[in-house]
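In case you want the letters, here they are:
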Amino acid sequence: MIIKLYNTLTREVEPLTPLRKEYVAMYSCGPTVYNYVHIGNLRAFVMTDVIQRVLKAIGGYNVRWVMNITDIDDKIIHDSAAGSNVWQEEMGASSSDAKQNLRAFTRFYEDEFLKDIVSVGLDINHFYKMPRATEYIGEMQELIRAIVKNKFAYISDGSVYFDVTAYEKSYAYGRLFQIDRENFREGVRIDADEYDRENVSDFALWKGKKPGEPFWEFEIEGQQLPGRPGWHIECSAMSHAILGLPIDIHTGGVDLRFPHHEDELAQCCGGYGVSDQSSFWVHNEHLEVEGKKMSKSLGNFFTLRDLIKLGIDPIDLRFALLLAHYRSKLNFTFESLKAAAASRKRIQEFIWDVISVSNGTSTDGVKNESESVSAPSFQYLKKAAEALADDIHTPRALAELNTFVGSVSIGELSAQSASAILSEMKIFNEVFGVWTFSPHSAIEVPTEIVLLAEKRWEARKMKNWSESDRLRDEIANRGWTVMDGKDSYELEPRQ
């Protein structure tokens, strides 16, 4: 089936035509590992996960999916510094060595990030690579040298800056985001990794060494410039080094269109001579909470850990995130999350019922092998697949799946029809990743898992959240999900 995606570069929905016969090359901007990711971040990661799943399950493509780990930037340097509040609150003692602190600090939050994305249904094995920025410093330096050589950057005060004015004399700048040209001023430089998107200014490719900061040696144009890379150069260098340019799809949140992705484009053009770093740029919209921008000051800021402490199943969060189209703003509410959980459970119970019929263990039904699901019913599944192929329209696909579930009478199913339904539903679960196909009545929870779950429940009752989280992660690592209710819990095998 032909996959169509909205391309931020062209502002149109276009059919995907991979640049290579062997695979689709997809690059995603990953986390900046200086804190726990919030549920808005998780929306972007779940969206990208579903895109690559649709490419494989519906489009029939092989996918090489790369997601970077940003383990060096302004926020990381600030919070990983010896004696910072983060060290005191989360990590204990710090070292006197800046690089050692940086590594320990980022590895801690990288591990927490991996736990979170696994909890919301991402499969680590689906990634081709998850490179850390600090592992590609040499490639970044080579790109910076090329940009300087091509006269699209200059050296000043121990740092290297991209020259937007020089670049605009030869190439278009502002292809992904409508830039406020009135604010453009020649010669203005910005050292911060992130800055106001209304500013159009020269940006740092390499930042000169500052006292107490981690740094790398860098020789360029006969000068020694010890320091560290700017944020934007990372993805340009890593996408080139790992996948080769151009790639097929580059994903991220709408907030990354400018400056980050626009600057990526400019760097690839200015250094590698590649006019289009990626054929498609795919961006997801923001997540709001109760109709407002998520903010700690408003008390509506949630990490996955916050939701788990409230007894919410991470897979229900995944399902809820897919009930809005990725290019629409998603309004997160606890009522909508509750409704999502009920909707997911309805389809799960349908699957269990169909499994019972296919195994001949159901006490309902005629079991007449000549009977089958009507052709009109299977049309709903065809429409669901078409919705996924049409710019990853998950809410429309789920609506068709729900209609299909409502059209099937379990009591009139034959074992043959039940098996056909399961085959189709498994394909959709390869995309959504929220249901299990183990017979409900046949689930036997190992004794050691039950004991861990009981210990966790006691920890929750004592409000020992850190121990509860640790036990939840241990249970998850052993292949089980804990679903908390008001007065008890349930255990299910992980997807």
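This text follows the structure it describes.
Residues numbered from 1 in each chain as written. Predicted model: local features only at pLDDT ≥ 70, side-chain atom pairs only at ≥ 80, totals over all residues. Heavy atoms only, no water.

### As for the packing of aromatic side chains
Item 1. Counted under the stated rule, the structure contains 24 aromatic pairs.
Item 2. On the basis of an interplanar angle of 55 degrees and a centroid distance of 4.7 Å, the ring pair of Trp-206 and Phe-218 is categorised as tilted. Highlighted residues: Trp-206 in strand E9 (residues 202-208) and Phe-218 in the loop between E9 and strand E10 (219-220), separated in sequence by 12 residues.
Item 3. Taken together, the ring pairs in this structure connect Phe-152, Phe-162, Tyr-167, Tyr-171, Tyr-173, Phe-177, Phe-203 and Phe-258 into an aromatic cluster.
Item 4. We note Arg-327 situated over the ring of Tyr-6; from NZ or CZ to the ring centre the distance is 4.2 Å. (Phe/Tyr/Trp six-rings, centres within 6.5 Å; stacked < 30°, edge-to-face > 60°. Helix = DSSP H or I, 4+ residues; strand = E, 2+ residues; numbered from the N terminus. Lys NZ or Arg CZ within 6 Å of the ring centre and 35° of its normal.)

### Structural notes on the environment of Lys-115
Item 1. With respect to the element layout, Lys-115 can be found in helix H4 (residues 98-119).
Item 2. For Lys-115, a relative accessible area of 34% puts it in the partly exposed group.
Item 3. Linking Lys-115 and His-78, residues 37 residues apart in sequence, is a C-alpha distance of 24 Å. (Buried < 20%, exposed > 50% of the residue type's maximum accessible area, 1.4 Å probe, protein only.)

### Structural notes on the pairing of E9
Item 1. Here E9 lies mainly inside the structure; 7 of its 7 residues are buried.
Item 2. Across 2 bridges, strand E8 (residues 189-190) lies against E9 in parallel orientation. Of the residues in E9, the one forming a bridge with Arg-189 is Asp-202.
Item 3. One ladder, built from 3 bridges, connects E9 with strand E12 (residues 227-229); its direction is antiparallel. Across the sheet, Gly-208 pairs through a bridge with Gly-227, a residue of E12. (Pairing = 2+ DSSP bridges.)

### Topic: unusual backbone geometry
Item 1. The omega torsion across Leu-245 and Pro-246 is 0 degrees, close enough to zero to call that bond cis.
Item 2. Tracing the chain through its elements places Pro-246 in the loop between helix H7 (231-242) and strand E13 (247-253).
Item 3. Put simply, Phe-258 and Pro-259 share a cis peptide bond, and its omega is 5 degrees.
Item 4. As for its placement among the helices and strands, Pro-259 is situated in helix H8 (residues 257-272).
Item 5. We note that Glu-290 has phi near 50 degrees; this positive angle belongs to a residue other than glycine.
Item 6. Along the chain, the position of Glu-290 falls in the loop between strand E15 (287-289) and strand E16 (292-293).
Item 7. Its relative accessible area of 49% is what places Glu-290 among the partly exposed residues.
Item 8. At Asp-391, a residue that is not glycine, the phi angle is positive and equals roughly 60 degrees.
Item 9. Structurally, Asp-391 can be placed in the loop between helix H12 (375-389) and helix H13 (394-407).

### Topic: the pattern of salt bridges
Should the charged atoms of two oppositely charged side chains come close, the side chains can pair.
Item 1. This model, assessed by the stated rule, comprises 31 salt bridges.
Item 2. We note a salt bridge from Lys-329 to Glu-288, for which the minimum N-O separation is 3.8 Å. Here Lys-329, found in the loop between helix H10 (314-321) and strand E17 (330-332), pairs with Glu-288, found in strand E15; they are 41 residues apart in sequence, far enough to count as distant.
Item 3. A salt bridge links Arg-460 to Asp-484, with the nearest nitrogen and oxygen atoms 3.7 Å apart. Of the two residues, Arg-460 is situated in helix H15 (residues 447-461) and Asp-484 in strand E18 (residues 480-484); the sequence distance between them amounts to 24 residues. (Salt bridge = Lys/Arg side-chain N within 4 Å of Asp/Glu carboxyl O.)

### As for the sheet that holds E15
Item 1. Pairing within the open sheet is mixed, and its 3 strands lie in the order E16-E15-E17. Of all strands in the sheet, those bounded by a partner on one side alone are E16 and E17.
Item 2. Of the strand pairs in this sheet, E15 and E16 are connected by 2 bridges, and their pairing is antiparallel. Bridging across to E16, Val-289 finds its partner in Lys-292.
Item 3. Strands in contact with helix H1 (residues 39-57) are E15 and E17; relative to E15, the strand with the most contacts, it is inclined by about 145 degrees. (Contact = heavy atoms within 4.5 Å. Axes fitted to C-alpha atoms, helices over the stretch in contact; angles between N-to-C directions.)

### Some thoughts on empty space enclosed by the protein
Space left empty within the atom packing is revealed by a probe, the size of a water molecule, rolled over the atoms.
Item 1. On inspection of all chains with the given rule, the structure shows 3 cavities of 30 Å³ or more.
Item 2. Considering only enclosed or pocket space, the largest cavity measures out at about 100 Å³ in volume.
Item 3. Around the largest cavity, the lining residues are Ser-119, Ile-308, Ile-312, Pro-314, Arg-456, Arg-472, Ala-476, Trp-480, Thr-481, Val-482, Asp-484 and Arg-494.
Item 4. Only helix H16 (465-477) and E18 provide two or more residues apiece to the lining of the largest cavity.
Item 5. In terms of residue count, E18 provides more of the lining of the largest cavity than any other element does, 4 residues in total.
Item 6. Put simply, the second largest cavity is a space of about 80 Å³.
Item 7. The greatest single-element share of the lining of the second largest cavity, amounting to 4 residues, is contributed by H1.
Item 8. Taken together, the residues that form the lining of the second largest cavity break down as 8 nonpolar, 2 polar and 1 charged. (1 Å grid on protein atoms, 1.4 Å probe; cavity = no way out; pocket = protein on both sides within 12 Å on 5 of 7 lines; lining within 4 Å. Points joined across faces, edges and corners; volume = space filled by probe spheres on them. Nonpolar A, V, L, I, M, F, W, Y, C, P; charged D, E, K, R; others polar.)

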